[in-house]
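Here's the letter readout for the chains.
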Amino acid sequence: MSGSDHNRWSEDLAPYMLGALEPDERAEFERHMQGCEHCQGEVRWFEPALNSLPESVERQKPPPRLRQALMAEVRADARPQTRPERRRAWSWFSRPAMAFAVLVLAVAVAAGYEIGKGGSDGGGTPSVISTSEHGIDVKMVREGNGGTLHLANVHQLPPGKVLEAWVRREGTVEPVPALLVPDRQGQAETTIADMNGVDTVMVTEEPQGGSEAPTSPAIVTMSVPQ
Amino acid sequence: MEVRREKAERLADEELMPLVGRKDPEAFEVLFDRHGGAAYSLAYRIVGDRAAAEEVTQEAFISVWRSGARFDAARGSVRSWLLSIVRNRAIDFLRSKAGKAPKLDFDDDSALEQRPATERTEEEALRRETAGEVRGAIGNLPGEQAKVIELAYFGGFSHSEIAQMLQLPMGTVKGRMRLGLEKIRGELAEGLA
């Protein structure tokens, strides 16, 4: 690429960092940057300037109730390691009944393990769906109620970007909690705890830390047979 | 396992994050005490309303609590990461307030894109642009560079929206953004020298 051709990308770099490119321009810029060490270097060089912007605002004192409300929610969430709705659903279950259930589960798991070692092809056998999109090999291994999403041939992500998986269940899009972090071989995987009712799995590129809702077009979209 | 508050206070942000990922409230509390003020200030600067800033800050920190393991130390500091989450939340708040919450539909990629804010008025933009006192490096920029950077970063406007409201060519807006960031970066480098 000639220097004059590259001027176009240089012109878009500051708006990109400020979040001021239109979505299609942003996607195009990110595709370019994946293969452009010059732009990657410039982004790294500009980062301290960008990071100084939130520090430049007039300092406000947060109201004490903000900290109180936040910590109350955090402490309530920290005690049980399960979701509140799940807690409610199980709250009628007595402790002896729970202990019995755990014992039954342990026996069932042990039996399943033994059957699995014997090469049985019973109902517990994982099912695999695979596809390839944008050069990325995608494989979904479904086992029981859950599943594992495997990606291969994932390109290096631009600085400040992560991959996030999403599921669509009854028309509602939900984020998958664990982000996809590609290793040096370009492989990444994440676990989807509950695949019940999921008809589509998608992967998008998101800002660092992930998003609550997709902010870019899907780079992978996989239909999940019911 | 929770660490005691005193122990958590001695840890660096990057050391606190794995503890937050393991749902340690003491570690999270220390993180909030270190960065909550900056987060709230940024949220207030963007949304221009104390109650809304409180809501945005709380939502941002709760999202950190629920996804603490998502922090990647290789990509920057915890503070920058936190503030970027607050900034995104605050801009989302502004957009949803203007009736532009993103529609989520797998069948239409364009619906996943950020919608253009054509309905936002110049008055609204100017209110946001002048809502807070500009300090630090950005305060030393020539006015035209500071304005485009503020409208983009604190207002959530795209370069084309800014060009339209300031009646400037898009290339001029982009150029001013770059010159402004270069100047801030240069001043930071001088400060380090």
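Attention here is on the structure that accompanies the text. It should be emphasised that the depicted structure is a prediction, and the values quoted were computed from it without experimental measurement.

**A closer look at the overall build of chain A**
Then, number 1: Within chain A, the regular secondary structure consists of six helices and eight strands.
Then, number 2: Of all 226 residues assigned to chain A, the portion counted as buried reaches 26%.
Then, number 3: A separation threshold of at least 6 residues defines the contact pool for chain A, and within that pool the share at least 24 residues apart is 56%.

**Describing the overall build of chain B**
Then, number 1: Counting secondary structure elements, chain B contains 11 helices and zero strands.
Then, number 2: Put simply, chain B runs from its N terminus to its C terminus through helices and strands in the order α-α-α-α-α-α-α-α-α-α-α.
Then, number 3: When the 193 residues of chain B are sorted by exposure, 45% land in the buried category.
Then, number 4: Long-range contacts, defined as pairs at least 24 residues apart, comprise 55% of the intrachain contacts of chain B with a sequence gap of at least 6.

**Brief notes about the sheet that holds strand 5 (residues 172-175) of chain A**
Note: strands within a sheet are paired through backbone hydrogen bonds, in either parallel or antiparallel orientation.
All names here are of chain A.
Then, number 1: With antiparallel pairing, the four strands of this open sheet are ordered in space as 5-4-7-8. Either end of the sheet is taken by a strand with one partner, and the two such strands are strand 5 and strand 8 (220-223). Geometrically, the sheet is characterised by an average inter-axis angle of 25° between neighbouring strands, direction not taken into account.
Then, number 2: One ladder, built from four bridges, connects strand 7 (residues 198-207) with strand 8; its direction is antiparallel. Each bridged residue has a counterpart across the sheet, and for Val201 the counterpart in strand 8 is Met222.

**Thoughts on the sheet that holds strand 2 (residues 136-143) of chain A**
Residues and elements named next belong to chain A.
Then, number 1: In spatial order, the strands read 1-2-3-6; together these four strands make up an open sheet with antiparallel pairing. The sheet is open, and its two edges are formed by strand 1 (127-133) and strand 6 (188-192), each paired on a single side. On average, each strand axis in the sheet is inclined to that of its neighbour by 15°, with strand direction left out of account.
Then, number 2: Across seven bridges, strand 2 lies against strand 3 (residues 146-152) in antiparallel orientation. Bridge pairing in strand 3 places Val138 opposite Leu151.

**Quick word on the pairing of strand 4 (residues 161-169) of chain A**
Then, number 1: Most of strand 4 of chain A is tucked away: seven of the nine residues are buried.
Then, number 2: Between the end of strand 4 of chain A and the start of strand 5 of chain A, which pair antiparallel, lie two residues, with A:Glu170 showing a positive phi angle near 50°.

**Observations concerning the packing of helix 4 (residues 50-66) of chain B against helix 5 (residues 78-97) of chain B**
All names here are of chain B.
Then, number 1: Where helix 4 contacts helix 5, the axes come no closer than 9 Å and their chain directions differ by 130°. The angle between helix 4 and helix 5 places the two elements in the oblique class. Classified by chirality, the crossing of helix 5 by helix 4 is right-handed. Taking contact as the criterion, the partners of Ala52, Val56, Thr57, Glu59, Ala60, Ser63 and Val64 in helix 4 are, on helix 5, Leu82, Ile85, Val86, Arg89, Ala90 and Phe93.
Then, number 2: Classifying every residue of the contact of helix 4 with helix 5 gives nine nonpolar, two polar and two charged.

**Considering the interface of chain B and chain A**
Then, number 1: In this complex, chain B contributes 63 residues to the contact, which on the side of chain A involves 60 residues.
Then, number 2: Looking at the side of chain B that touches chain A, the elements that each hand over two or more residues are helix 3 (25-47), helix 4, helix 5, helix 6 (109-112), helix 8 (136-139), helix 9 (143-153), helix 10 (159-166) and helix 11 (170-192) of chain B.
Then, number 3: If one sorts the elements of the side of chain B that touches chain A by residue count, helix 3 of chain B sits on top with 12 residues.
Then, number 4: When the residues that make up the side of chain B that touches chain A are grouped by side-chain class, the tally is 29 nonpolar, 19 polar and 15 charged.

**Some details on the pairing of strand 7 of chain A**
Then, number 1: Where strand 4 of chain A and strand 7 of chain A come together, nine bridges link them in antiparallel fashion. Looking at the pairing, A:Leu163 lines up with A:Glu205 of strand 7 of chain A.

**What about helix 4 of chain B?**
Then, number 1: The end-to-end C-alpha distance of helix 4 of chain B is 24 Å, a good match for the 24 Å that 17 residues give at a rise of 1.5 Å each.
Then, number 2: Turning to helix 4 of chain B, its buried residues number three or more, namely B:Ala53, B:Glu54, B:Val56, B:Thr57, B:Gln58, B:Ala60, B:Phe61, B:Val64 and B:Trp65.
Then, number 3: Buried positions along helix 4 of chain B lie against helix 4 (64-78) of chain A together with helix 2 (13-21), helix 3 and helix 5 of chain B.

**Considering unusual backbone geometry**
All names here are of chain B.
Then, number 1: For Lys23, which is not a glycine, the phi torsion comes out positive at approximately 65°.
Then, number 2: Turning to its location among the elements, Lys23 is positioned in the loop between helix 2 and helix 3.
Then, number 3: Given 18 C-beta atoms within 10 Å, Lys23 falls into the partly exposed group.
Then, number 4: We note that Gln167 has phi near 55°; this positive angle belongs to a residue other than glycine.
Then, number 5: With respect to the secondary-structure elements, Gln167 resides in the loop between helix 10 and helix 11.

What counts, and at which threshold
Residues numbered from 1 in each chain as written. Chains lettered and ligands numbered in written order. Predicted model: local features only at pLDDT ≥ 70, side-chain atom pairs only at ≥ 80, totals over all residues. Helix = DSSP H or I, 4+ residues; strand = E, 2+ residues; numbered from the N terminus. Buried ≥ 20, exposed ≤ 12 C-beta atoms within 10 Å, placed from the backbone. Contact = placed C-beta atoms within 7 Å. Pairing = 2+ DSSP bridges. Axes fitted to C-alpha atoms, helices over the stretch in contact; angles between N-to-C directions. Parallel < 35°, antiparallel > 145°, perpendicular 65-115°, else oblique. Left-handed = near helix turned anticlockwise from the far one by under 90°. Nonpolar A, V, L, I, M, F, W, Y, C, P; charged D, E, K, R; others polar. Expected span 1.5 Å × (residues − 1).

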